[in-house]
Amino acid sequence: AVNVAPSDLSWGVESLRQSAQANKVELVSSNLKQKETGQYIFKPYVIRNVKGIRVAFLGVMEDNEPLAPYGTEGEHLTVVDPKEAVAALMPEVRTKAEVVVVFSHLGQRATQQMADEVKGIDVALSGKDGFVNHKPTEVGTDSTTGKTLVLEAGQQGKYVGALVMVVSENGK
């Protein structure tokens, strides 16, 4: 799954969908909606079975960036507050997945803040502002849901990384 960022919408939603389909990529956006109807533009999350573990992938972008700058389509799109969007989906997602991963186009600090405030995120992967960390940052202190691992992946696909997790019976 690939998170949608504002720059991905430069040539419009349909163009992005066609490109994703041609490249067999599934797009997610948990906080991009159609302004008039409130419907999600892309799937808000996807669930994948990874070696017998159900993993949910969500994606968010900042709610203050211009959308689809080369046309008027952006006028019909709205970006919901990322923390509110993920928090609203978390009860549903948590019933379907043992591990929850959020792809974030919020920047390092905002991603860490979201991971701390929205309970139930296991891993948050940020790639907006170019930072790279080679060891995950642990965020959160909630004893019931545990800590969230936050990773910074650089930007524009410049880096490839791997995270190996051991998942116990309770999901972490």
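Right, let's walk through the structure included here. (Residues numbered from 1 in each chain as written. Predicted model: local features only at pLDDT ≥ 70, side-chain atom pairs only at ≥ 80, totals over all residues. Heavy atoms only, no water.)

## Comments concerning the sheet that holds strand S9 (residues 137-139)
Basically, it comes down to this: Two strands qualify as a pair provided DSSP detects at least 2 bridges between them. Here a strand is any run of E in DSSP of at least two residues, a helix any run of H or I of at least four, and the numbering for each starts at the N terminus. Axis definition: a line fitted to C-alpha atoms, limited for helices to the stretch in contact. Angles are taken between N-to-C directions and run from 0 to 180 degrees. The contact definition used throughout considers only heavy atoms, calling two residues in contact when any of these lie within 4.5 Å.
Within the open sheet, the 6 strands sit side by side as S4-S5-S7-S8-S10-S9. Their pairing is mixed. Each having just a single partner strand, strand S4 (45-50) and S9 make up the two edges of the open sheet. Taking the axes of each pair of neighbouring strands and ignoring which way they run, one obtains an average angle of 25° across the sheet. Both S4 and strand S5 (residues 53-61) contribute to a ladder of 6 bridges, which runs antiparallel. Note that in S5 the partner of Tyr45 across the bridge is Leu58. Against the sheet, helix H2 (residues 82-96) touches S4, S5 and strand S7 (99-105), its axis set at about 165° to S5. Running over the sheet, helix H3 (residues 108-117) touches S5, S7, strand S8 (123-126), S9 and strand S10 (148-152) and is turned about 170° from S10.

## Points about helix H1 (residues 13-22)
In plain terms, the rule: Only protein chains enter the area calculation, which uses a 1.4 Å probe; residues under 20% of their type maximum are buried, those over 50% are exposed, and those in between are partly exposed. The arc under discussion is defined with respect to the helix axis, by the directions toward the C-beta atoms.
All of the buried residues in H1 are Val13, Leu16 and Ala20. Buried residues of H1 fall within an arc of 65° about the axis and therefore sit on the same side. Every exposed residue of H1 that faces more than 90 degrees away from the buried side is listed here: Gln21 and Ala22. The secondary structure elements touched by the buried residues of H1 are strand S2 (27-28) and strand S6 (77-79).

## Thoughts on the pattern of salt bridges
The cut-off we apply is this: The rule for a salt bridge is simple: a side-chain nitrogen of Lys or Arg has to be within 4 Å of a carboxyl oxygen of Asp or Glu.
Across all of its chains, the model carries 7 salt bridges by this definition. Residue Glu14 is joined to Arg17 by a salt bridge in which the shortest nitrogen-to-oxygen separation is 4.0 Å. On the criterion of helical spacing, the pair formed by Glu14 and Arg17 is a turn pair, its members being 3 residues apart in helix H1. The class for Glu14 is partly exposed, based on a relative accessible area of 47%. Linking Asp122 and Arg94 is a salt bridge whose minimum nitrogen-to-oxygen distance equals 2.7 Å. With a gap of 28 residues between them, Asp122 in the loop between H3 and S8 and Arg94 in helix H2 connect regions that are remote in the sequence. Judged by its relative accessible area of 2%, Asp122 falls in the buried class. Overall, the relative accessible area of 29% leaves Arg94 in the partly exposed class. What emerges from the salt-bridge pattern is a single network uniting Glu26, Lys43 and Arg48.

## A few points about the pairing of S5
Within S5, 7 of the 9 residues are buried, which leaves the element mostly enclosed by the surrounding structure. Between S4 and the antiparallel strand that follows it, S5, lie 2 residues; Lys51 among them carries a positive phi value of about 55°. Of the strand pairs in this sheet, S5 and S7 are connected by 7 bridges, and their pairing is parallel. When the bridges of S7 are listed, Gly59 appears paired with Phe103.

## Focus: the environment of Val123
Structurally, Val123 can be placed in strand S8. Sequence separation between Val123 and Phe57 is 66 residues; the distance between their C-alpha atoms is 9.6 Å.

## As for the nonpolar core
We count it as follows: Side-chain atoms within 4.5 Å are what join buried Ala, Val, Leu, Ile, Met, Phe, Trp, Tyr and Cys residues into a set we call a nonpolar core.
If you look at the biggest cluster of nonpolar residues, it comprises 19 residues, and the most contacted ones within it are Leu58, Val86, Val93, Val100, Val102, Met114 and Ile121. Taken together, the elements giving at least two residues each to this core come down to S5, H2, S7 and H3. At 4 residues, H2 tops the list of elements feeding residues into this core. Ignoring sequence-local partners within four residues, the contact set of Val100 consists of Ala56, Leu58, Met90, Val93, Arg94, Gly120, Ile121, Asp122 and Val123. Formed by 13 residues, the second largest nonpolar core is a distinct cluster that contains Val13, Leu16, Leu32 and Met61.

No statement about biological role is implied by the geometric values presented.
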